[in-house]
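The chain contents come next:
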Amino acid sequence: MNSIKSVPARVLSRRPGHSLEAEREQFDKTQAISISKAINTQEAPVKEKHARRIILGTHHEKGAFTFWSYAIGLPLPSSSILSWKFCHVLHKVLRDGHPNVLHDCQRHRSNIREIGDLWGHLHDRYGQLVNVYTKLLLTKISFHLKHPQFPAGLEVTDEVLEKTAGTDVNNIFQLTVEMFDYMDCELRLSESVFRQLNTAIAVSQMSSGQCRLAPLIQVIQDCSHLYHYSVKLMFKLHACLPADTLQGHRDRFHEQFHSLRNFFRRASDMLYFKRLIQIPRLPEGPPNFLRASALAEHIKPVVVIPEEAPEDEEPENLIEISTGPPAGEPAVVADLFEQTFGPPNGSLKDDRDVQIETLKREVETLRAELEKIRLEAQRYVSQLKGQVNALEAELEEQRKQKQKALVDNEQLRHELAQLQAAQREGERNQGLREEAEKKASAVEARYHKLKEKHSELIGTHAELLRKNADTAKQLTVTQQSQEEVARVKEQLVFQMEQVKREAEVKLEEQSDLLEKLRKELEAKAGELARAQEALTRTEQESQEQELRRRLLDQQFEVLRGTAAEAERILQDAVAKLDDPLHLRCTSSPDYLVSRAQAALDAVSALEKGHAQYLVSRSDASALVAALTQFSYLAADTIVNGGATSHLAPTDPADRLVDSCRECGARALELMGQLQEQQTLPQAQPSLVRTPLQGILQLGQELKPKSLDVHQEELGAMVDKEMAATSAAIEDAVRRIEDMMNKARHASSGVKLEVNERILNSCTDLMKAIRLLVTTSTSLQKEIVESGRGAATQQEFYAKNSRWTEGLISASKAVGWGATQLVESADRVVLHTGKYEELIVCSHEIAASTAQLVAASKVKADKRSPHLSRLQECSRSVNEMAANVVASTQSGQEQIEERDTMDFSGLSLIKLKKEEMETQVRVLELEKTLEAERVRLGMLRRQHYMLAGAMGTPGVEDLGRPRAAARSGASKKPPLAQKPSVAPRQDHQLDKKDGVYSAQLVNY
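Keep in mind that this is a model prediction, so the values were computed, not measured. (Residues numbered from 1 in each chain as written. Predicted model: local features only at pLDDT ≥ 70, side-chain atom pairs only at ≥ 80, totals over all residues. Heavy atoms only, no water.)

It is worth spelling out the overall build of the chain at this point. Secondary structure assignment for the chain yields 29 helices and zero strands. A burial count over the chain gives 38% of its 1003 residues as buried. The long-range share in the chain, meaning contacts at least 24 apart out of those at least 6 apart in sequence, stands at 80%. (Helix = DSSP H or I, 4+ residues; strand = E, 2+ residues; numbered from the N terminus. Buried < 20%, exposed > 50% of the residue type's maximum accessible area, 1.4 Å probe, protein only. Contact = heavy atoms within 4.5 Å.)

For helix H9 (residues 158–165), every residue scored as buried is listed here: Leu161, Thr164 and Ala165. Considered in projection along H9, the buried side chains sweep an arc of 95 degrees and stay on one side of the axis. Turned more than 90 degrees away from the buried face of H9, the exposed residues are Glu159 and Lys163. The positive-phi residue at the C-terminal boundary of H9 is Gly166, with phi of around 75 degrees. (Arc of directions from axis to C-beta.)

Let us look at the packing of helix H26 (residues 835–857) against helix H27 (residues 865–895). One way to put it is that H26 packs onto H27 with a least axis distance of 9 Å and a crossing angle of 175 degrees. The orientation of H26 relative to H27 falls into the category roughly antiparallel. Among the residues forming the contact of H26 with H27, the class breakdown is 12 nonpolar, 10 polar and two charged. (Axes fitted to C-alpha atoms, helices over the stretch in contact; angles between N-to-C directions. Parallel < 35°, antiparallel > 145°, perpendicular 65-115°, else oblique. Nonpolar A, V, L, I, M, F, W, Y, C, P; charged D, E, K, R; others polar.)

Looking now at the pattern of salt bridges. Applying the stated rule across the entire model yields 30 salt bridges. The closest approach of N and O atoms between Asp158 and Lys232, which form a salt bridge, is 3.8 Å. Separated by 74 residues along the polypeptide, Asp158 in helix H9 and Lys232 in helix H12 (residues 216–238) bring together distant segments of the chain. Classification of Asp158 by relative accessible area gives partly exposed; the value is 32%. A single salt-bridge network, built from bridges that share partners, covers Glu23, Glu364 and Arg367. (Salt bridge = Lys/Arg side-chain N within 4 Å of Asp/Glu carboxyl O.)

Another aspect to go through is helix H21 (residues 689–701). An α-helical turn contains 3.6 residues, so any two residues separated by three or four positions project in the same direction. With 13 residues, H21 extends 18 Å between its outermost C-alpha atoms, agreeing within 8% with the 18 Å of an ideal straight helix rising 1.5 Å per residue. Listing the buried residues of H21 in full gives Pro691, Leu692, Ile695, Leu696, Leu698 and Gly699. An end-on view of H21 places all buried positions within 165 degrees of arc, on one side of the element. Taken together, the buried residues of H21 touch helix H18 (589–616), helix H19 (621–645) and helix H20 (650–674). (Expected span 1.5 Å × (residues − 1).)

Attention shifts here to the packing of aromatic side chains. What characterises a pair of aromatic rings is the spacing of the ring centres plus the angle enclosed by the ring planes. Evaluation of the coordinates by the stated rule reveals 16 aromatic pairs. Look at Trp68 and Phe86: their rings are 5.8 Å apart centre to centre, the planes differ by 75 degrees, and that puts the pair in the edge-to-face class. Of this pair, Trp68 sits in helix H4 (residues 65–71) while Phe86 sits in helix H5 (residues 80–96), placing them 18 residues apart in sequence. Phe86 sits in the buried class, given a relative accessible area of 3%. Between Phe180 and Phe253, the aromatic rings sit 6.5 Å apart at their centres with planes inclined by 50 degrees, giving tilted as the arrangement. With Phe180 in helix H10 (residues 169–200) and Phe253 in helix H13 (residues 247–268), this pair connects stretches of sequence that are 73 residues apart. Here the aromatic cluster, defined as three or more aromatic residues joined through ring pairs, consists of Phe180, Tyr227, Phe235, Phe253, Phe257 and Phe289. Positioned above the aromatic ring of Phe194, the side-chain terminus of Arg266 is 4.6 Å from the ring centre. (Phe/Tyr/Trp six-rings, centres within 6.5 Å; stacked < 30°, edge-to-face > 60°. Lys NZ or Arg CZ within 6 Å of the ring centre and 35° of its normal.)

On the surface, a cluster of negative charge is contributed by Glu497, Glu504, Glu508, Glu509 and Asp512. Of note, Glu497 is situated in helix H17 (residues 479–575). With relative accessibility at 36%, the residue Glu497 sits in the partly exposed group. (Patch = residues over 30% accessible without salt bridge, like charges linked within 9 Å, V, L, I, M, F, W, Y side chains within 5 Å. Areas by Shrake-Rupley, 256 points an atom, 1.4 Å probe, with all protein chains shown as cover. Lys, Arg positive; Asp, Glu negative; His and termini not counted. Charge placed at Lys NZ, Arg CZ, Asp CG, Glu CD.)

Our next topic: the environment of Leu752. Relative to the helices and strands, Leu752 resides in helix H23 (residues 750–787). Separated by 77 residues in sequence, Leu752 and Val829 have C-alpha atoms that sit 9.1 Å apart.

A few words now on unusual backbone geometry. Its identity as a non-glycine residue notwithstanding, Lys62 has a phi of 55 degrees, on the positive side. Among the structural elements, Lys62 can be located in the loop between helix H3 (48–61) and H4.

Tracing the backbone through its elements, the reader meets Thr644 in helix H19. Reaching out from Thr644, the side chain makes a polar contact with the backbone oxygen of Asn640 at a distance of 2.6 Å. When residues no more than four places from it in sequence are discounted, the contact partners of Thr644 are Ser587, Ser588, Pro589, Leu592, Leu656 and Leu702. (Polar contact = N/O pair within 3.5 Å; in protein donor to acceptor, adjacent residues only side chain to side chain.)

This is the structure in C-alpha cells:
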C-alpha cells in the first residue's frame, strides 16, 4: 500500500520547471562517473563503454563544455598514467565527438601544452609519451581549425579533397607540407610507444602493454587517411611542377612511407590489435610520382573496426525524469495493485498517460522556448558586441582627435608665447618712444616759456631806457636830482646786466637740455630702427638657415640613397665570389686590367667629389656621380677578378680572390661611412686604392703570351677549324640516329623510353649547335668583309691574331664537346657508361658555345642581324643542354632501384657490426674523394701552366673551373633552368687590343 500511495507522488513530481534541472543534474552525474572511470591511475586501457558515454555526452550538449569542466579538475600533474589516459580520451572525443568539440578544445590549448611541457622535462616513461601525445593533439587541433573542410575523423571524399586543394599550386604545395607534418606527429607517437614496449619487454596481452597500445588504434585510423591524401596531392603537384623542384617532397614521402609500412606491419602482428581493428597492408614500394599512370595503381588503404558484442553493463539513462522508485518498480506495484484490489476503473491509467503526454508536451514547449530565448540572447549579445566594437572604434577615433588637439594646442601655445614676447618687446619700444616724445614736448614747452620771458626782459629793458631818458632831462633841473639819477642809472644798468646774464645763462642751459633731449630722441629712434632691422634680418637668416638645412637634408638623402644602392651592388659582387653559379664564369686578365684601371680613375673622381662636398656642403652632384660610377666599376672589377681566378694557378688565384675580398670590404666600409652624417667627413676613399692596385698588378701578371703560330696560317686555320667543327657535329648527329635505331632493337619498356628521351634531347642539342656554328661562320665572314678594308683576308686575320686564336680555340672546343657527348651517350645506351658523363659533357658544350659566341662578338657590329641570330642560337643551345641534363637525371631516377633498408631481423651485435663496416667504407670513400680532388687540382694547375705558355686556352681549359676544386664544391650548375639574368654591359669584351675574354656565362 505504501508503494501504491507513492505512485501519484512520483507522477506529480514531474512538474514543469523541475524536469530540465533534473535532466541536467543526471547528465552531469553520468558524465562525471564516466570521466572518472575512463581517466584513472590504473595501468589498463580505457574501456570503450566509458569513452562512448563521454562522446554521446558531447553530442547531447553539442560541445565539450562538461568534459572540460571535469577534465580541468583532474590532478594530471600528479600522475603520468592519468595524463596518458586523458590524452587518449581527448583524442577519441576529437575524432568521434560533436564538431563543436574542436572549438572548445582550442580554448584549452594552453592546458594541453602545459601538461606536455611538464612531463617532457621529467624522466618518466609515460611522461615522455604524454609529451609526444600532446604535440600530436595540438597539431591536430590547429590543422582542422585551419582546414574546416576536413572533419576531425579525417574522412572526406576525393571531390572534397580536390575542392580543398584547388587549382593554385601554392595552396597544394602548402597543404601537402601540412599533411606531412601531421603524419610526422602520428608516426612519432607510434615509434615512441613501440620503443618503450621493446625496452620494457612488454607483451601486448598484458594490461601495461595494452595501456600504451590502446591510443594507436586512433593513430592507425588517422594515418590511413593521411597517407591516401598525401598520395593524391603528390600526384597533383607532379602534374604542375617539374620533378627537380619536388625532390625534397619525394624524399620526405618515401621516409614516411617506410615508417608507416613498418608501423602497420608490427601492429598487425600483435594479438591485441587483431580483435579490435583490421589494419590494411601497404604495397612493397612507394608510388612512382614521375609516372602519371601510377596513380591508377594506387589503392586506398581502408581500416575496418569490427562490431563489438554488447557489453554486460547496467542500464543507465542519460536523462532521469522520475524521482521515485527504480525503473522496474512501477510494473511490480501495478501488478500487486491489480492482484489485491482488482483492475482499476479504467480512468487512473488513462489519467496517468494523459498527464505523461501533457508533461512531455510541456517539456517540449519549454525546450522550444528555451532555445528561442537562447537564440534571442545570442542575437542580443551579437548586437551588444557590435555596439561595443563601434563604441571602441569611436573612442579610439576620439582619442586620436584628442591627441591631435593636444599637439595643435601645444603648437598654438608656443606660437602664442612667441607672439606675446614680440608684443611685449613692441610695447616696450612704444613706451620708450612715447616717453621720449613726452620729454621732447616738455623741453619744447620750457623753451617757449624762456622765449616769452626773454621777450618780457627786452620790454623791461626798453622801458628802463625810456626812464633813463626822462631822468637825463631832469638832471638839468637840479644837481641832486642829477646825482640821484646817476646812482639810479647805475643800479638799473647793473640790474639789467645781471638779468640779461641770468637770462642768457638760462637760455643756454635750456638750449643745451633741448639739444641733449633731441639727441637722445634721435638715438632712441635709431635704436628702434636698428632693432627692427635686426629683427627682420634675424627672420631672414632663420628662413635662409631653414632653407639651407632642408637643401642639405635633401642632398644628404640623395647621397645616402646612392650609397645604399652602391652598397647593394658591391654586396652582390662580393657574394658572387662564393656563389656556386659563379664558379663556372671566366674572364681574361686583359679585361680585368682595364676594369681595375677604370676603377682607380673612379676612386680619384670620388676623392675629388668628397672634398668638394665637404667644402661647399650644398652641392653633392659630383660626389653622387662619382659614387655611382665607382660602385659599378668596383663591382665589375670584383666579379671579373673572381672570374679570372677560376682559370689561374692556385697561388695567384688565391691572392687575387683575397684582393677582391679586401676591395669589397673596404668599399662596403666606405659606403657605410657615406650613409651617416657623423662619419661622412671622416670617410677616406683612398683606402680602396690599395686593393685595386693589387688587383691591377695581379691582372698584369696573369696576361697570357701569344701563340707560337705563324700569322700567315691563321686565316687557313679559322676556315679549317670551322669546317672541322661542322663536320664533327654532322657526324655526331648521324651517330646518334644510329644509336637510336640500335636502342629500339636492343631494349624495351622503361629503358627504351629513357634511352629515346636522352637521345632525342642530344639530337636537339646537336641541331642547335649546328645552327650556332653556321650563324657564327656567317658572322665571321661579315666581320672580315667589314673590317679588312683594302687588305686581304689573310692580312686581316694576321692583324688580329690574338682574336683569331681565341676563335680557333672556341671552334676546337665545340667540336670536341660534340664528339665527347656522342661517345658518352653511346656508352649510356649500351649500359657501359655513367649518366654523370652526359651531364658533364652538356656543361662543357654550354661553356664552349658561350666561348664561341663571346669570341665572335668581339669585332661584330651591335646592330648586325647575324649577331642577333647568334645570340638567339646561344640561348637555344643553353636550353637544349638543360633539357639533356633534365632528361638524363629523370631517366637515372626512373631506372635506378632503391632498396628498402630493413634492419628489423638483425640483433644488437649484428647491427653494431654493420655500423662499423659502414663507417669503414665511409672513411675509405672520403679518403678516395680527397685524393681525387687533389689529383684534379694538380691536373688543372699543370693544364693552366701549359695553356699560359701557349698563350691561349685549349680544349682542356673548358672543363670545370678550378675554383670549384679549390673550394671543394661538388654540385653541378643548375642547367635545368633557363638563364634569368642577362649579362651587364660592363662585362663586354675589351676591343682595345683585340684580346678576347670569355663572356660571363649565366645558367
